[in-house]
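# Architecture at a glance
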Amino acid sequence: MNGRRHGQELVRVYVRTGGRVRPSRELGLVTLVIAANAPLQGLDVEARRIAGLCRSQRSLSIGEIAAHLNLPPSAVKILVSALIDSGHLTVPPAPQQGDAPDIDLVREVLNGLRALRA
Amino acid sequence: MSNDSGPAQISYLPPTVNRSAKILIAGHFGVGKTTLVGSISEIEPLRTEEPITQASTAVDDLTQLPQKDETTVALDFGRLTLNERLVLYLFGTPGQRRFWPLWDDLAHGALGALVLVDTRRLDESDAVLAFMEERDLPYAVAVNEFTGARRFPAHEIRQALDLAPHTPLLLCDARARDACLDALITLVHYLAHRLEIRP
Ligand SMILES: Nc1nc2c(ncn2[C@@H]2O[C@H](COP(=O)(O)OP(=O)(O)OP(=O)(O)O)[C@@H](O)[C@H]2O)c(=O)[nH]1
Ligand SMILES: [Mg+2]
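In this report, we go over the structure that sits alongside the text.

### Focus: helix α2 (residues 45-53) of chain A
Among the residues of α2 of chain A, Glu-46, Ala-47, Ile-50, Ala-51 and Leu-53 of chain A are the ones counted as buried. For α2 of chain A, the buried positions fall inside an angular range of 165 degrees around the axis, keeping them on one side.

### Some remarks on the environment of Tyr-190 of chain B
All names here are of chain B. Mapped onto the elements, Tyr-190 comes out in helix α6 (residues 177-197). Looking at Tyr-190, the relative accessible area reads 10%, which means it is buried. Separated by 168 residues in the primary sequence, Tyr-190 and Lys-22 place their C-alpha atoms 15 Å from one another. In this structure the side chain of Tyr-190 is engaged in a polar contact, spanning 3.0 Å, whose partner is the side chain of His-166.

### Looking at the sheet that holds strand β1 (residues 32-35) of chain A
Residue and element names in this part refer to chain A. Overall, antiparallel pairing links the three strands, which are arranged β2-β1-β3 in an open sheet. Each edge of the open sheet carries a strand with a single partner, namely β2 (60-61) and β3 (89-90). Of the strand pairs in this sheet, β1 and β2 are connected by two bridges, and their pairing is antiparallel. Opposite Val-33, over in β2, you have Leu-60 as the bridge partner.

### Describing the pairing of strand β1 (residues 19-26) of chain B
Residues and elements named next belong to chain B. Among the eight residues of β1, eight are classified as buried, and the element is accordingly described as predominantly covered. The two faces of β1 match: Arg-19, Ala-21, Ile-23 and Ile-25 on one face and Ser-20, Lys-22, Leu-24 and Ala-26 on the other face are all buried. As defined by bridge partners, β1 adjoins strand β4 (residues 86-92) across seven bridges and the pair is classed as parallel. From the neighbouring strand, Leu-24 faces β4, where its bridge partner is Phe-91. One ladder, built from four bridges, connects β1 with strand β5 (residues 112-117); its direction is parallel. Bridging across to β5, Ile-23 finds its partner in Gly-112.

Cut-off values and rules
- Residues numbered from 1 in each chain as written.
- Chains lettered and ligands numbered in written order.
- Predicted model: local features only at pLDDT ≥ 70, side-chain atom pairs only at ≥ 80, totals over all residues.
- Heavy atoms only, no water.
- Buried < 20%, exposed > 50% of the residue type's maximum accessible area, 1.4 Å probe, protein only.
- Helix = DSSP H or I, 4+ residues; strand = E, 2+ residues; numbered from the N terminus.
- Arc of directions from axis to C-beta.
- Polar contact = N/O pair within 3.5 Å; in protein donor to acceptor, adjacent residues only side chain to side chain.
- Pairing = 2+ DSSP bridges.

Everything listed here is a matter of coordinates, which is why it stays silent on function.
Structure follows, in structure tokens:
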């Protein structure tokens, strides 16, 4: 990646998020988001790119959004957070797990991996 | 992405998938992390890049915006959809030591780590294992057997790495999908067992 171009992109992101440099909610690299079908008019360039990439019947993780749009994950977290606040994106209605891995999740991962190996 | 192959195909998850989990693929520089992620991911592995000062300062200071020629740290990751509602992401941790500050963010919320080691450079794995232990991140160790590397009996590797008796140790070829899946299964089996005995 070209470092200089990347740096400018990032500066734009910070300017466009109004100097807000912390996401308003706790989002991780693997947090899933889906589009909420709100009109994209009025959104800034990067926010529009993110909202445009997301789909209403499909989910993508924050990490995937960052990779596909060539944006730093930290910037994507800030922008996605704002897009959730503005009603453009939602997190799928589900038990998103907390910080501590729970046994049911771990067992489900184990069963899923075993099924792939079979 | 600015790689030569152009933008990766976007592969969306079905709407039923509403849960995600994360496992780290860790290890020192050049041990085979990217290879392993590529061997088992269902999508072409993806890459994100984060400016390093920003990653290490948690983005709370506008005066620390990236300099012109700043280093970025690349993370590569892959994906496995495990059932109609659950997806697993595998993140290769950056091998170079100066990028380790980024691991903290990566480790947050991870189920555990698969630590790859190379028997020709076992001493380099010490710091990686120490990192996991300091953060209480449970791990299994997979020996990535490189062609030409001397083979050692498991107990010697255990001793050299000072592994706890309960820490799983296995052999793995990072290029072989089934071997990598087996390594992950061993890790997650261990994780489940830990939670069962110590909920
Ligand atoms: N013979 C052999 N070669 C391997 C194996 N795994 C990886 N390699 C080779 O070792 C080199 C390094 O592998 P990578 O997967 O890039 O290692 P990495 O841990 O991602 O490296 P960094 O991200 O730079 O820390 C590559 O040339 C691989 O082709 C293996 O199991 N056997
Ligand atoms: Mg790598």
